[in-house]
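Letter by letter, the chains look like this.
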Amino acid sequence: MRLLSIYVHRFLPISLALSISLLVGGLLAFVAGESPIVVFRTLLLDTLGSLDSIAYVLFNATPLIFTGLAVAIGFRAGLFNIGCEGQLYVGAFATAWTALAFSWLPAPLLMLVTIVSAMLAGGIWGAIPGWLKARFGAHEVINTIMMNFIAVASVDYLVLNFLKEPGQMISQTAKIPEGIRFPRLSSFLDFLPQSHPLEISFILALLVACLLFLFLNRSVWGYEIRMMGLNPEAAIRAGISESRTLVFSMGLSGAIAALVGVWDVLGYHYRFVSGFTSGWGFLGIAVALLAKNHPLGVIFAACFFGLLSKGALDLELFTAVPREIVLIIESLAILFLIVSERVLLRDRETRG
Amino acid sequence: MPLLETRHIVKRYGAVLANQDVHFILQPGTVHALVGQNGAGKTTLMNILYGMIQPDEGEILIDGEKVQFHTPRDALTHGLGMVHQHFMLIPPFSALENVVLGSEPRHLGLLDRKRATRQIRDIMDTWRLNLDLDVPVEDLSVGMRQRVEILRLLYQGAEILILDEPTAVLAPPEIEGLFSILRSLCSRGKSVIFISHKLKEVFEIAEVISVMRDGQIVATIDSDQASREEIAAWMVGEDGDRRSQHESKSSAGPSKNSLSISPDDVPPLLSLRSLSYREHGVPQLDGVDLTLHRGEILGIAGVEGNGQQALVDVLLGIRQADSGEIRVHGQPISRPCPRMMRDLGMAYIPADRQREGSSLASSIEENFLLGRQHQYSRYGVLLTQALSEEVAHQLDRYEIQAAHPNIPMQSLSGGNQQKLIIARELASEPAWILAVHPTRGLDIHAAEFVHSQLREWRDRDSAVLLISSDLDELLKLSDRIAVMYRGKFIRLFDAAATSEYELGRWMLGPPTY
Ligand SMILES: Nc1ncnc2c1ncn2[C@@H]1O[C@H](COP(=O)(O)OP(=O)(O)OP(=O)(O)O)[C@@H](O)[C@H]1O
Ligand SMILES: [Mg+2]
């Protein structure tokens, strides 16, 4: 009975939303002059058809897990963090700078130091809007957006003027030491080709999601964050400090977003490259919405988005439909999720 | 022919039968009271009548015709309107705007203020219902907000008005005001369904009384043919014996004589010296002096809006007094905050259990944890096992009807929500208890139990600051009663030597003899 009700509340709306959005996507493909069957085959079967391409899906999902978690924790505290883009940018810069400036440290220690410094940088970057809200009541949406611009502008300035690799046209730093680059999973898993970019960050992302789940549900601070998000008035009256919760949850959010920077610098480019981000911070909002801010749900939502973006490439290569159809499916999924919840869970009366 | 009739209404929530086979008949032009213990199914039935929820089985007939309500709007078009216990008004809008909201008379697409005012004035004259239409609702007292709600229903053409525990939030004079409105409504053919836990009120206003128990209507009697004892007996039913035993056991114990002041060398638990607080330039607290000793219950009487809310908030530390001094255990507190006050031994029963005391979407266990999360943790990790055991124990002790400790708070009945919050606050071994309308929404039996708990804490040398709009309750529980008027305590009574009448007079300001 309880299982059934959990199913109805949690999974039914999501599965409905996903199937309907895919169906509508198929319909649109038909209108665009392509057989829906072909589209689905490319989008789903081909993408999930080989271990190799599944691994690509996971690779795509990795940054989205981080930003999805970052946005979700903000939402849980009742805050809308639109600043992940800036936080991950600052995080990436901190990673590269630490890795280059302390390159004399032994590799394992250096790896740890870079990760910590990235999380600190992103955390502080996130905590500032939190503090501004606690201190002056300034709305976090505006401030996190502003902080995005500040982050990109100042990091690019620093890289261009102080850290640019000499003799290069592109604004990027020198490569980081070999010893602290994240190992690719292909070196453990024989079925992946040597060049496959999936590396241990994905495992790290899963770990962070699980830790965050435990943190939210099993720790005092996680409980306080949730209560502040659910009913601030009651939380404050119960003795939970509003300003501390604001600053802390935004800081945590920023620190997790910064891991995207670590992923890119230590795991993919092996250096800081200006403009490396492709909107993961904003996609993270969609991921968190689809996951209903559940840390473990974020993993699946991120994989769904990862699948679609892998599929988008293939669609463009192999069919006549434009890749934008994937964007439509993504947006529809969220729209339908919201609607189907309304419809399915309507029996929510006020109690007296 | 009955105006409204329900047949075989059944509503299940999982294994819980909130309504089972309910037959309810409402005659035109009557005030029909619905009474029953917490969790009996009253609100569920009313929500069904109002189209908020759909019954699993059964039918509703209006004037003998079968109807089906999918939304409250459907119910309204059939002349059925409901005032919820938690008002659904928009605070910054004026009373007028709130009344016409959703069915505004328009002129060129804009609100036709003149016509609206005229229409509403007509209604107000017809029903002798006074109200200042231009004031924003947030500046109105609770009693006045209730009038806005009633006016809104009348404006939308309601013939049947459902009022779910309307008097719980009102002070005695406001209750009188409400009753005279209800009488005038009924004398002109409208009907009212009235839910209350106070049998005194029920007998005063209702012509017919229906008693609900365990989801069924077990009796419907004309009020002049029944006695209070009879109704009370119907409400408890066969469990009556078990419950009264429980009650006598819990209220037994050393009774403490009132007004025994602690020895001089023991500082009072709480003392306030000329505490003042202004909001938007308006004084809310105007030099409040108060001393709360160990082993006493100090009642605060007053018409709502005379500074009680500010006093509570300043004591909690969510607003800071402009001047004056707060001492706890003799120590001055310079910048109080809720966490600090709680650590100093305060328990707090808020006036509004939903807004100020709980998270409706969270489970019972999580709500029980609120404010006590540090006690139930080690190294920052929650002790879920210990919590579950304590919750199970308290659910049993307070007879809170819950299918499972993991169901969300919002699926508890109003009274059971209140019991849970009291259980949570009193389980924390408080040094003193700030109780604001602690028995709001509780049935007689549960209110009795909470009273006995408060007395027990007093007898164990804690203290209670009791703010209540229920004079009976104040007189029954308190050792001393202070009357609050315009942000000041204007009179301090020995509870044994005063009366409801005297308190009532002082509540309206210092009497001019
Ligand atoms: N949404 C829901 N989910 C689960 N159980 C519910 C839900 N709504 C009501 N119930 C259960 O139905 C029963 C009747 O509740 P109802 O609110 O109608 O009681 P009531 O008579 O209004 O009580 P009170 O006097 O305390 O307000 C309760 O046991 C309650 O727990
Ligand atoms: Mg109720």
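Bear in mind the structure is a predicted one, so any value in this text is a computation, not a measurement. (Residues numbered from 1 in each chain as written. Chains lettered and ligands numbered in written order. Predicted model: local features only at pLDDT ≥ 70, side-chain atom pairs only at ≥ 80, totals over all residues. Heavy atoms only, no water.)

(A) Fine view of the interface of chain B and chain A. Each partner contributes to the interface: chain B provides 51 residues, whereas chain A provides 26 residues. Between chain B and chain A lies a buried interface of about 3,000 Å² when both sides are counted; carbon and sulfur atoms form 51% of it. In this assembly, chain B and chain A are joined by four salt bridges. One salt bridge in this structure joins Arg226 of chain A and Glu366 of chain B, with 2.7 Å as the shortest N-O distance. Across the chain B-chain A interface, the total number found is 13 residue pairs in polar contact (both at pLDDT 80 or more). Residue assignment for the side of chain B that touches chain A shows that the elements contributing at least two residues are β1 (4-13), α1 (42-49), α10 (308-316), α11 (338-343), α12 (353-357), α13 (364-369), β20 (381-382) and α15 (414-426) of chain B. (Contact = heavy atoms within 4.5 Å. Buried area = accessible area lost by both parts, 1.4 Å probe. Salt bridge = Lys/Arg side-chain N within 4 Å of Asp/Glu carboxyl O. Polar contact = N/O pair within 3.5 Å; in protein donor to acceptor, adjacent residues only side chain to side chain. Helix = DSSP H or I, 4+ residues; strand = E, 2+ residues; numbered from the N terminus.)

(B) Looking closely at the sheet that holds strand β21 (residues 432-436) of chain B. Residues and elements named next belong to chain B. Spatial strand order, β18-β21-β22-β15-β23-β24: six strands in an open sheet with mixed pairing. The sheet terminates laterally at β18 (346-349) and β24 (488-494), the two strands that pair on one side only. The sheet shows a mean angle of 20 degrees between the axes of neighbouring strands, direction not considered. Bridge count for strand β23 (residues 480-485) against β24 is six bridges, and the pairing is antiparallel. Residue pairing across strands places Arg480 opposite Asp494, the latter belonging to β24. (Pairing = 2+ DSSP bridges. Axes fitted to C-alpha atoms, helices over the stretch in contact; angles between N-to-C directions.)

(C) Broad picture of the domain arrangement of chain B. Each assigned domain of chain B is listed here: domain 1 (4-236) and domain 2 (254-337 + 473-513). Just the C-alpha atoms count here: the centres of domain 1 of chain B and domain 2 of chain B sit 35 Å apart. (Domains from an automatic or database assignment.)

(D) Looking closely at unusual backbone geometry. All names here are of chain B. Not every positive phi belongs to a glycine, and His8 is a case in point at roughly 50 degrees. With respect to the secondary-structure elements, His8 resides in strand β1. For His8, a relative accessible area of 43% translates into the label partly exposed. Residues other than glycine seldom take positive phi values, yet Asp461 does so here, at roughly 70 degrees. Of note, Asp461 is situated in the loop between α16 (444-459) and β22 (463-467). (Buried < 20%, exposed > 50% of the residue type's maximum accessible area, 1.4 Å probe, protein only.)

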